[in-house]
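# Tertiary structure, described
Residues per chain, in single letters:
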Amino acid sequence: MQITEKAQAEEIVRRSGTDISKCMQCGKCTAACPAGYKMDIQPHRVVWELINGHVDVLQKSVTPWKCFSCFTCAARCPRGVSPAALIESVRLSVIRQQGENGITAEDIPEYIDEKMPQQAIVAAFRKYNK
Ligand code: SF4
Ligand code: SF4
């Protein structure tokens, strides 16, 4: 059974646990985001796309792979919305599509800094791999 884009958007939002209907598109999340300059879809725009039932554009975006998961956007939102949780949920939807992993075990050595704690490496691998 083919899942519609709208149904996918609803599932992504449900999984995030955030209420996108509260977003007033003020852009404070984007203004505070330390990774925004690397994103092709800014945090406030991620919320807007999901409000409008758009998933494809988010799944093809680099934004889920540039987000630091620092939750600054959520902390700054005056309406209690969490773009971070939404982006994480989009990332999970991509990861769950076979062959669309953001990173493979073979890629990891390229990204590892010798000072990086082992716990961070394991956490990142869990996040970016199935
Ligand atoms: S998520 Fe919050 S901070 Fe971002 S645009 Fe919506 S209301 Fe503003
Ligand atoms: S969690 Fe992601 S989107 Fe939110 S402020 Fe941090 S880097 Fe930006």
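See the structure shown above.
First, a word on scope: everything that follows refers to the structure included in this document. For clarity, every value in this text was computed on a predicted model and none was experimentally measured. (Residues numbered from 1 in each chain as written. Chains lettered and ligands numbered in written order. Predicted model: local features only at pLDDT ≥ 70, side-chain atom pairs only at ≥ 80, totals over all residues. Heavy atoms only, no water.)

### Details of the environment of Lys22
Filter applied, for reference: Think of it this way: any DSSP run of H or I at least four residues long counts as a helix, any run of E at least two long counts as a strand, and we number them from the N terminus. We call two residues contacting when some pair of their heavy atoms lies within 4.5 Å.
With respect to the helices and strands, the residue Lys22 is situated in the loop between α1 (5-16) and α2 (28-32). Through-space distance from the C-alpha of Lys22 to that of Gly80 is 7.6 Å; in sequence the pair is 58 residues apart. Leaving out residues up to four positions away in the same chain, Lys22 has contacts with Arg79 and Val81.

### Quick look at the site of ligand 1
Note the threshold: We define proximity as follows: a residue is near a molecule or strand when any one of its heavy atoms falls within 4 Å of that partner. Under the convention adopted here, Pro, Cys and the residues Ala, Val, Leu, Ile, Met, Phe, Trp and Tyr are nonpolar, Asp, Glu, Lys and Arg are charged, and Gly plus all remaining residues are polar.
Taken together, 13 residues lie around ligand 1, and Cys23, Cys26, Gly27, Cys29 and Cys77 are the ones closest in. Looking at the shell around ligand 1 residue by residue, the classes come out as eight nonpolar, three polar and two charged.

### A word on the pattern of salt bridges
Heads up, the rule is: The working definition used for a salt bridge is a side-chain nitrogen of Lys or Arg within 4 Å of a carboxyl oxygen of Asp or Glu. Exposure categories follow from relative accessible area, calculated using a 1.4 Å probe and restricted to protein chains: below 20% of the type maximum is buried, above 50% is exposed, and the middle band is partly exposed.
Overall, the coordinates contain five salt bridges when judged by the stated rule. In this structure, the salt-bridge partner of Glu10 is Lys6, at a minimum N-O distance of 2.9 Å. With Glu10 and Lys6 both in helix α1, this residue pair falls four residues apart, about one helical turn. You can call Lys6 exposed: its relative accessible area is 53%. Close ionic contact of Glu49 with Arg45 constitutes a salt bridge, the shortest N to O distance being 3.3 Å. Of this pair, Glu49 and Arg45 both sit in helix α3 (residues 43-51), four residues apart, which is roughly one turn of that helix. One network of salt bridges, with partners in common, ties together Glu11, Arg14 and Arg15.

### Thoughts on the packing of aromatic side chains
For clarity, the cut-off: In this analysis, rings of Phe, Tyr and Trp, with Trp reduced to its six-membered ring, are considered paired at centre separations within 6.5 Å, and the interplanar angle assigns stacked below 30 degrees, edge-to-face beyond 60, and tilted for intermediate values. Two conditions define a charge located above a ring, namely a distance within 6 Å from the ring centre to NZ of Lys or CZ of Arg, and an angle within 35 degrees of the ring normal.
In the structure shown here, the tally under the stated rule is zero aromatic pairs. A cation over a ring is seen here: Arg45 above Trp48, with NZ or CZ 4.1 Å from the ring centre.

### A closer look at the site of ligand 2
Around ligand 2, a shell composed of 14 residues is seen, among which Cys33, Cys67, Cys70, Phe71 and Cys73 lie nearest. When contributions to the shell around ligand 2 are tallied by element, the ones reaching two or more residues are α6 (72-76) and α7 (83-95). Here the shell around ligand 2 is composed, by residue class, of twelve nonpolar, two polar and no charged.

### Details of α3
Definition in use: The reported arc concerns the directions from the helix axis to the C-beta atoms and nothing else.
Within α3 the residues assigned to the buried category are Pro43, Val46, Val47, Glu49 and Leu50. Angularly, the buried residues of α3 cover 160 degrees about the axis, an arc narrow enough to put them on a single face. In this structure, the buried residues of α3 make contact with α1, α2, α4 (56-59), α5 (63-66) and α7. Positive backbone phi, approximately 75 degrees, marks Gly53, located one or two places after α3.

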